[in-house]
Amino acid sequence: LACTSAIVSAQRSTEGAPILWKHRDSGFDNTRIEYVTGGRYAYTAVTKNEEGGGESVFAGINEMGFGIISTATANMPEATVEEYKACKRRRLRGGTMWNGLANCATVDEFEELLRKTKRGRKSKSNIGVADATGAVAYFEIWDLGYRRYDVSERGDAGFDVRTNFSHARIKATKGSTVRRYDLIMREMNNHNGDFSPWDFIR
């Protein structure tokens, strides 16, 4: 149940490029790695192991170097019944993750996608993104809005973490996953030197 993620800047990465890390938790465990074409950009992603699964993206990276991960969040604003019906009528085919990979080359382009679809999606999640320019950020999104958190906002730390709550809401609504967030933040803060993919595997 430890749905947890972290994003790392190129400056704190042994790879010289941003790192997106996700410990995935989902009730749907029948997945595959799929190469998907047909959009503006081709991409490779963890998808549902079924026909048309390439539109059910859990994490991925496209041919332009734009990568994406997410965690669910439980404390974002709920849409009203009327707003939910409007979202449902105009809902994005394939969802936010699929559209990000298929249509975006940069973090800024992804933000533009969120601006354009804020009344056409039904989603509450913390989405981590990075691109080939080295930009890396979290977007806390909900049905009718979003908040962007660039890694640079954390000063010299060079990383950020999300579990299953969002900072855009008051602390009292964050729930029990604060404990997991605090644990991972402690591990990250106590880490000496730059981060490698193997650090996250361990």
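Use the structure listed above.
### Side note on the overall build of the chain
For step 1, the next point in the chain: Looking only at helices and strands, the chain features five helices and 10 strands.
For step 2, the next point in the chain: The buried share of the chain, taken over its 202 residues, is 48%.
For step 3, the next point in the chain: Excluding contacts between residues fewer than 6 apart, the proportion of contacts in the chain whose partners are at least 24 apart in sequence is 57%.
For step 4, the next point in the chain: Summed over its atoms, the accessible surface of the chain is roughly 10,500 Å², and 48% of this surface lies on carbon and sulfur atoms.

### Regarding the sheet that holds strand β10 (residues 159-162)
For step 1, the next point in the chain: On the basis of which strands lie adjacent, the open sheet formed by three strands has the order β2-β1-β10 and antiparallel pairing. The sheet terminates laterally at β2 (19-23) and β10, the two strands that pair on one side only. Shown here is a sheet whose adjacent strand axes are inclined to one another by a mean of 10°, direction ignored.
For step 2, the next point in the chain: Of the pairings in the sheet, the one linking strand β1 (residues 4-8) to β2 comprises five bridges and is antiparallel in character. Its bridge partner lying in β2, I7 is registered against L20.
For step 3, the next point in the chain: Each of β1 and β10 is contacted by helix α4 (residues 178-189), which is oriented at about 160° to β10, the strand it contacts most.

### Side note on the layout of surface pockets
Picture a little ball the size of a water molecule; that probe, rolled over the atoms, points out where space is still empty.
For step 1, the next point in the chain: Taken as a whole, the second largest pocket spans an internal volume of roughly 450 Å³.
For step 2, the next point in the chain: If you list the elements that add at least two residues to the lining of the second largest pocket, you get β2, β4 (43-48), β5 (57-62) and β6 (67-72).
For step 3, the next point in the chain: Residues belonging to the lining of the second largest pocket are distributed by class as follows: 16 nonpolar, seven polar and three charged.

### Structural notes on the packing of aromatic side chains
For step 1, the next point in the chain: Applying the stated criterion across every chain, the model contains seven aromatic pairs.
For step 2, the next point in the chain: Geometrically, the ring pair formed by F159 and F195 is edge-to-face, given 5.8 Å between the ring centres and 75° between the ring planes. With F159 in strand β10 and F195 in the loop between α4 and α5 (197-201), the pair connects residues that are 36 residues apart, well separated along the chain.
For step 3, the next point in the chain: On the accessibility criterion, F159 (1% relative accessible area) is buried.
For step 4, the next point in the chain: It is R24 that lies over the ring of F58; its NZ or CZ is 3.8 Å from the centre.
For step 5, the next point in the chain: The ring centre of Y149 lies 4.9 Å from the NZ or CZ of R162, which sits over that ring.

### Topic: the pairing of strand β3 (residues 31-36)
For step 1, the next point in the chain: Alignment of β3 against β4, held across six bridges, turns out to be antiparallel. Bridging from a neighbouring strand, E34 pairs with A45 of β4.
For step 2, the next point in the chain: The hairpin turn running from β3 into β4, its antiparallel successor, is six residues long, and G38 in that turn takes a positive phi close to 115°.

### A few points about the pairing of strand β8 (residues 136-142)
For step 1, the next point in the chain: Counting buried positions along β8 yields seven of seven residues, so the element is predominantly enclosed.
For step 2, the next point in the chain: Every second residue of β8 is oriented toward a common face, with V136, Y138, E140 and W142 on one face and A137, F139 and I141 on the other, all of them buried.
For step 3, the next point in the chain: With six bridges joining them, strand β7 (residues 125-130) and β8 adopt antiparallel strand pairing. Paired with G128 across the strands is Y138, a residue of β8.
For step 4, the next point in the chain: Count of turn residues in the β7/β8 antiparallel hairpin: five residues, of which G134 carries a positive phi of about 100°.
For step 5, the next point in the chain: If you look at the hairpin formed by β8 and strand β9 (residues 145-150), you'll find two residues sitting between the two strands.

The rules we used
- Sequence order as written defines the numbering, with residues in each chain counted from 1.
- The predicted origin of the model limits local features to residues at a pLDDT of at least 70 and limits the giving and counting of side-chain atom pairs to 80 or more, whereas totals for whole chains, interfaces and linings rest on all residues.
- Derived side-chain values reflect all non-hydrogen atoms in the structure, with water molecules and hydrogen atoms excluded from consideration.
- Numbering of helices and strands runs from the N terminus, with a helix taken as a DSSP run of H or I at least four residues long and a strand as a DSSP run of E at least two residues long.
- Burial classes follow relative accessibility: with a 1.4 Å probe on protein chains only, a residue under 20% of its type's maximum area counts as buried, one over 50% as exposed, and anything between as partly exposed.
- Contacts are residue-level and defined by heavy atoms, with any inter-residue pair within 4.5 Å sufficient.
- With residues, only the protein chains shown are counted as cover, and all accessible areas are computed by Shrake-Rupley using a 1.4 Å probe.
- Pairing between two strands requires that DSSP report at least two bridges joining them.
- The convention used is that axes are lines fitted to C-alpha atoms, helices contributing only their stretch in contact, and that angles between N-to-C directions extend from 0 to 180 degrees.
- Both site types are read off a 1 Å grid over the protein atoms alone. A 1.4 Å probe that fits but cannot get out defines a cavity, while an open set with protein on both sides within 12 Å along at least five of seven lines defines a pocket; lining residues have an atom within 4 Å of a point.
- Grid points are joined across faces, edges and corners, and a volume is the space filled by probe spheres set on the points.
- Classification convention: Asp, Glu, Lys, Arg as charged; Ala, Val, Leu, Ile, Met, Phe, Trp, Tyr, Cys, Pro as nonpolar; all other residues, Gly among them, as polar.
- Note on aromatic contacts: the rings of Phe and Tyr and the six-membered ring of Trp form a pair at centre separations within 6.5 Å, being stacked when their planes are under 30 degrees apart, edge-to-face when over 60 apart, and tilted otherwise.
- Geometrically, a charge over a ring is one whose NZ (Lys) or CZ (Arg) sits within 6 Å of the ring centre while staying within 35 degrees of the ring normal.

Geometric descriptors of this kind do not, in isolation, establish any biological role.
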